[in-house]
Amino acid sequence: MASDAPAAAPSQGEEGAAPRDRSDGAADDRRRARRSRRYRLDVKWSPYAFVAPFFVFFLAFGLFPLLYTGWASLHRVELTAPTDMEWVGLRNFSRLLEDEFFWNALKNTVTIGLISTVPQLLIALGIAHLLNYRLRGSMFFRVAALTPYATSVAAATLVFVLLFGRDYGMINWALGLVGIDNIDWQNGEWTSQLAVSTIVIWRWTGYNALIYLAAMQAIPNDLYESAALDGASRLQQFIHVTVPSLRHTILFTCVVSTIGATQLFGEPLLFNGSAGATGGADHQFQTLGLYLYEQGWVNLHLGRASAIAWSMFLILLVIGAVNWLLARLLSKGA
Amino acid sequence: MRRAVILAVVAALGAGLLAGCAEDSDEPTGSASNGGGGGKGRTTLTVGVFGAFGLKEAGLYDEYMKLNKNIEIKQTSIERNENYYPQLLTHLGSGSGLADIQAVEVNNIAEITATQAGKLVDLGKTEGVQKDAFLPWKWAQATTKDGKTIALGTDIGPQGICYRKDLFAKAGLPTDREAVGKLWAGDWNKYLDTGKQFKAKAPKRTAFVDSASGVMAAITGSNENRFYDKDGKIVYKANPAVKEAWDIAAQFATEGLTGKFQQFTPAWDQGFANGTFATVSCPAWMLGYIQDKGGAAGKDKWDVAAAPKPSNWGGSFLTVPDAGKNKDEAAKLAAWLTAPEQQAKLFAERGSFPSAKAAYSLPEVSGAKHAYFAGAPIGQIFSKAAEGVPVQIIGPKDLIIAQNLADIGMLQVDQKGRSSQQGWDAAVKAIDNALDQ
């Protein structure tokens, strides 16, 4: 930028000294100088302008909210007067340590995360393996696998609430056929968590299956052929060829699913009918996301909600670190 | 061919996604911004409400637009007050995104009056507002200590007990609404006794009442003192009136008189449709809900009798935020919408009971009968209840206290079979945490 100034200066000096009849040529020079200056500016700054939208949006909607949430978590702030902030230091965090509702929510998040992620990924792997065979209408099955993912959380959950209904739910009706009494899905600790997990599994299995499928198609066919020549069955091929080749993909889906499970919100919220963010009469399926929502938007304590949000962020960072370590171990192993 | 199929599938999925998005985006759109002109030199007024508020459905907007050719009214509605209220607070805090008129639920009105009065127009001074037309306690609820009235009352929720005549007959109880009212007149414990009688001879798989929480809400609504005392201190833990309401409601649960439902859930709706419970505490606005969920099969089976004691549950207000561009026009509209004549029309069309006392003598109210409820003279039943409702002390966190008592404490007793004491302790713990104590 600074180099432009000297380039402009002589042309101005020239103008002052120039006789009248040469004014045309001087104007030409000036125009040329301006053009080259513009060209240099263009080359230098255009790339920044092209990438700027991302950074502007990231600053406005990513970094700023993150930092502001951190700032708010150090204050007592109420939604009734969001501009009145009273400094409390780390109080909002230290109280989480003795907040049994927080620990309950964390425990629920972990258990629901486990009973939804593990079966989900196993089923996805199986489905992907089936879809990987040459079969009639494979396109149809692939799209079908993805449809639950395209359904809105709200719509899916509302249907599941009806399915899991205590008195008139279809699942209890089916269980009744084999002589099992009505189960109060929503009120039991395990039953409610199982029901919430079912919704998660239903929505995300196809999505993960397609990711696995994409990775499976990159596995060279020779490996299967030589395995087949060695007399390996389909199952043995799956275990000894497919799964090892998918190691990195599986790790990736594990991480993504774990992050998703940590942030679980819509399913447990709507599974509670219209009762809101309590996660059941005994908070039996209140996740961290729900507790955050309850503190911020029901109880109107923005500072405490911000502290929970940051705790969740830190938990995710830990998960990220574990992932990085695992990935390093895996690539060393390979 | 193959490509066409893929395109079609992608398009279908895309449409599904869009539909999914559209479903969630029922938020009010920037209303203050289009304040000035609604085309053709008309002023557009926006009204933000929650649930099926009924102003629009009762045709009041259309009527006002006919009377005032320069006004156009648009309404945005958010289904549940829990989602509506925090959004209203954020919008008030930032002074943007507000509708010209914003509705407020009675459980939130004390908090709004205490914390947001500076951001709302003093409607007490608006031309055409008749203070004397309103029930005095309704007027007082939205008036600050220094005499600023920041909201005008729309409806209130005087209660009766809705009951199924067919189930009462099968259980050997009277079915005439006068006689039924006498079964429990004056004492909630008699309501409990009636429940025990019902249970002794009740048809299989039917319960006397839908939920213990509903009973508790009805009883606390009949007390002058509830969760706060006159000085604004939270006293629900020690208040004998709350304790009594709790104990009676808990007995409904422990005696097995309830259908173990949680109110306003799909299962509860199915309970109405299948006639699995015989009574429900029934504010005036609940009649329409029962009619919706009960469907044609319930017609003439339901009736409504007087509650043991006059009691109030729910009701709403209209406010005009200061940040709006059409404050004066909005205040005029709010005054018109809450005038006795309009409240009477709202009652006739939607069953929202007027908070304007002056409306009770209007024919739309005094002569009102509900066809679905066997032609019950609901105007008279609810007028009588409304006039007997005590002037209740309300506080800023009423909603949170009531919600946790019902959805945590009483629900544990009712649905999970915990003891009354365990349920109470759980509720107190949750409330302490919610109130930051």
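Residues numbered from 1 in each chain as written. Chains lettered and ligands numbered in written order. Predicted model: local features only at pLDDT ≥ 70, side-chain atom pairs only at ≥ 80, totals over all residues. Heavy atoms only, no water.

**Remarks on the overall build of chain A**
Operational definition: Only runs of H or I of at least four residues qualify as helices and only runs of E of at least two qualify as strands under DSSP, and these elements are numbered from the N terminus. Only protein chains enter the area calculation, which uses a 1.4 Å probe; residues under 20% of their type maximum are buried, those over 50% are exposed, and those in between are partly exposed. By definition in these notes, contact holds between two residues if any of their heavy atoms fall within 4.5 Å. Residue-level accessible areas treat just the shown protein chains as cover; the underlying method is Shrake-Rupley with a 1.4 Å probe.
If you tally the helices and strands in chain A, you get 14 helices and 2 strands. Projected onto its principal axes, the C-alpha coordinates of chain A cover approximately 110 × 70 × 40 Å. Scored against the burial criterion, the 334 residues of chain A give a buried share of 39%. Contacts in chain A between residues at least 24 apart in sequence constitute 67% of all its contacts with a sequence separation of at least 6. Of the roughly 18600 Å² that chain A leaves accessible, carbon and sulfur atoms contribute 68%.

**Quick look at the overall build of chain B**
Heads up, the condition is: For a compact globule the rule gives 2.2 Å times the number of residues to the power 0.38, and the radius of gyration it is set against comes from C-alpha atoms. The charge count includes Lys and Arg as positive and Asp and Glu as negative, but it does not include His or the ends of the chains. Note that the charge is assigned to NZ on lysines, CZ on arginines, CG on aspartates and CD on glutamates.
In terms of regular secondary structure, chain B is built from 18 helices and 9 strands. The globule rule puts the C-alpha radius of gyration for 437 residues at 22 Å, and the 23 Å found for chain B is close to it. By its C-alpha atoms, chain B is 75 × 70 × 50 Å across when sized along the principal axes. For chain B, buried positions account for 56% of its 437 residues. Expressed as a percentage of contacts within chain B between residues at least 6 apart in sequence, the contacts between residues at least 24 apart total 76%. Summed over all atoms, the accessible surface of chain B reaches about 17700 Å², with 52% contributed by carbon and sulfur. Side chains of chain B give 48 positive and 47 negative charges; the mean places of these two sets differ by 4 Å.

**A closer look at the interface of chain B and chain A**
The cut-off we apply is this: A carboxyl oxygen of Asp or Glu within 4 Å of a side-chain nitrogen of Lys or Arg is what we treat as a salt bridge. Counting of polar contacts relies on pairs of N or O atoms within 3.5 Å, with two restrictions inside protein: one atom must be capable of donating a hydrogen and the other of accepting it, and residues adjacent in sequence are counted only when both atoms are side-chain atoms. Gly counts as polar in this scheme, as do all residues outside two lists: the nonpolar Ala, Val, Leu, Ile, Met, Phe, Trp, Tyr, Cys and Pro, and the charged Asp, Glu, Lys and Arg.
Residue-level contacts link 45 residues of chain B with 43 residues of chain A. For the interface between chain B and chain A, the tally reads 6 salt bridges. Note that Arg 418 of chain B is salt-bridged to Asp 282 of chain A, the shortest N-O span being 2.8 Å. Counting across the interface, chain B meets chain A through 15 residue pairs in polar contact (both at pLDDT 80 or more). Each residue belonging to the side of chain B that touches chain A can be placed in one class, and the counts come to 16 nonpolar, 17 polar and 12 charged.

**A few points about the state of the cysteines**
By definition, a disulfide is the covalent link that joins the sulfur atoms of two cysteine residues. Residues and elements named next belong to chain B. Where we set the bar: Put simply, a disulfide is two cysteine sulfurs that come within 2.5 Å.
With the rule as written, the count across this model stands at 1 disulfide over all chains. Each sulfur in the disulfide pair Cys 162 and Cys 282 lies 2.0 Å from the other. As the torsion about the S-S bond is roughly -65°, the Cys 162-Cys 282 disulfide counts as left-handed. Residue Cys 162 is located in strand S4 (residues 151-164), and its partner Cys 282 is located in strand S6 (residues 277-283); the two are separated by 120 residues in the primary sequence. A relative accessible area of 0% places Cys 282 in the buried class.

**Remarks on the pattern of salt bridges**
Any two side chains of opposite charge can pair if their charged atoms end up close together. Enumeration over the complete set of coordinates arrives at 25 salt bridges over all chains. With a shortest N-O distance of 3.8 Å, Glu 329 of chain B and Lys 332 of chain B are connected by a salt bridge. A residue pair is termed a helical-turn pair when its members lie 3 or 4 positions apart in one helix, as Glu 329 of chain B and Lys 332 of chain B do in helix H13 (residues 327-337) at 3 residues. Accessibility expressed as a relative area gives 21% for Glu 329 of chain B, which makes it partly exposed. Note on Lys 332 of chain B: relative accessible area 44%, which makes it partly exposed. Residues joined by salt bridges that share partners form a network here, namely Arg 76, Arg 95, Asp 99 and Arg 304 of chain A together with Asp 436 of chain B.

**Quick notes on the pairing of strand S2 (residues 71-78) of chain B**
Residues and elements named next belong to chain B. Put simply, the rule is: At least two DSSP bridges between two strands are needed for those strands to be called paired. Think of it like this: strands point away, you trace from the first strand over the helix to the second, and a clockwise trace means the crossover is right-handed.
For strand S1 (residues 43-50) and S2, the ladder comprises 8 bridges, and the chain directions are parallel. Bridge assignment links Gly 48 to a residue of S2, and that residue is Thr 76. Of the crossover connections in this fold, the one passing from S1 over helix H2 (residues 60-67) to the parallel S2 is right-handed.

**Quick notes on the packing of helix H3 (residues 81-94) of chain B against helix H4 (residues 106-115) of chain B**
Helices that pack against each other are described as a pair by the angle of their axes relative to one another and the distance between those axes. All names here are of chain B. How we decide: In this description, a line fitted to the C-alpha atoms serves as the axis of each element, helices being fitted only across the stretch in contact, and the angle between N-to-C directions of two axes falls anywhere from 0 to 180 degrees. For this classification, under 35 degrees means roughly parallel, over 145 means roughly antiparallel, 65 to 115 means roughly perpendicular, and everything else is oblique. With the far helix as reference, a near helix turned anticlockwise by less than a right angle produces a left-handed crossing, and one turned clockwise produces a right-handed crossing.
Packing of H3 against H4 leaves a shortest axis separation of 12 Å and a crossing angle of 15°. It follows from the interaxial angle that H3 and H4 lie roughly parallel. In this structure, H3 meets H4 at a crossing whose hand is right-handed. Between H3 and H4, the residues in contact are Asn 81, Tyr 85, Leu 88, Leu 89 and Leu 92 and Asn 108, Glu 111 and Ile 112, respectively. Residues belonging to the contact of H3 with H4 are distributed by class as follows: 5 nonpolar, 2 polar and 1 charged.

**Points about the environment of Val 322 of chain A**
Residue and element names in this part refer to chain A. The topology assignment puts Val 322 in helix H14 (residues 302-333). A relative accessible area of 43% places Val 322 in the partly exposed class. When the C-alpha positions of Val 322 and Met 85 are compared, they lie 36 Å apart, and in sequence the two are 237 residues distant.

**Topic: unusual backbone geometry**
Even without being a glycine, Leu 300 of chain A presents a positive backbone phi close to 70°. For Leu 300 of chain A, the position within the fold is in the loop between helix H13 (288-298) and H14. On the accessibility criterion, Leu 300 of chain A (2% relative accessible area) is buried. Of note in the backbone geometry, Phe 264 of chain B takes a positive phi value of approximately 60° without being a glycine. By the element assignment, Phe 264 of chain B lies in the loop between helix H10 (240-254) and helix H11 (266-274).

**Comments concerning the environment of Phe 382 of chain B**
Residue and element names in this part refer to chain B. If you trace the backbone, Phe 382 turns up in helix H16 (residues 378-388). Given a relative accessible area of 0%, Phe 382 falls into the buried group. C-alpha of Phe 382 to C-alpha of Pro 283: the two residues are 99 residues apart in sequence and 8.4 Å apart in space. In this structure Phe 382 touches Pro 158, Gln 159, Gly 160, Cys 282, Pro 283, Ala 284, Leu 287, Val 304 and Phe 353, once residues within four positions along its chain are discounted.

**As for the packing of helix H6 (residues 153-163) of chain A against helix H8 (residues 189-216) of chain A**
Residue and element names in this part refer to chain A. Contact geometry of H6 with H8 gives a least axis separation of 10 Å together with a crossing angle of 135°. The orientation of H6 with respect to H8, classified from their angle, is oblique. Here H6 and H8 pass one another in a crossing that is right-handed. Only Thr 198, Ile 199, Trp 202 and Arg 203 of H8 make contact with H6, whose side of the interface consists of Val 153, Ala 156, Thr 157 and Phe 160. Residues belonging to the contact of H6 with H8 are distributed by class as follows: 5 nonpolar, 2 polar and 1 charged.

**Topic: the packing of aromatic side chains**
The criterion, for reference: Between rings of Phe, Tyr and Trp, where Trp is taken as its six-membered ring, a pair exists when centres lie within 6.5 Å; planes separated by under 30 degrees are stacked, by over 60 edge-to-face, and by other angles tilted. We call a charge positioned over a ring when the NZ of a Lys or the CZ of an Arg lies within 6 Å of the ring centre and within 35 degrees of the ring normal.
If you walk through the whole model with that rule in mind, you get 47 aromatic pairs over all chains. On the numbers, 5.0 Å between centres and 70° between planes, the contact of Phe 164 of chain A with Trp 185 of chain A is edge-to-face. Here Trp 185 of chain A lies in the loop between helix H7 (170-177) and H8 and Phe 164 of chain A lies in the loop between H6 and H7, a separation of 21 residues in the sequence. Ring centres of Trp 246 of chain B and Trp 424 of chain B lie 5.1 Å apart, and the angle between their planes is 75°; on these two criteria the pair is classed as edge-to-face. Highlighted residues: Trp 246 of chain B in helix H10 and Trp 424 of chain B in helix H18 (residues 420-434), separated in sequence by 178 residues. Joined through ring pairs, the aromatic side chains of Phe 261, Phe 264, Trp 268, Phe 272, Phe 277, Trp 285, Tyr 289, Trp 302 and Trp 313 of chain B make up one cluster. Above the plane of the ring of Phe 317 of chain B lies Lys 138 of chain B, whose end atom (NZ or CZ) is 4.1 Å from the centre.

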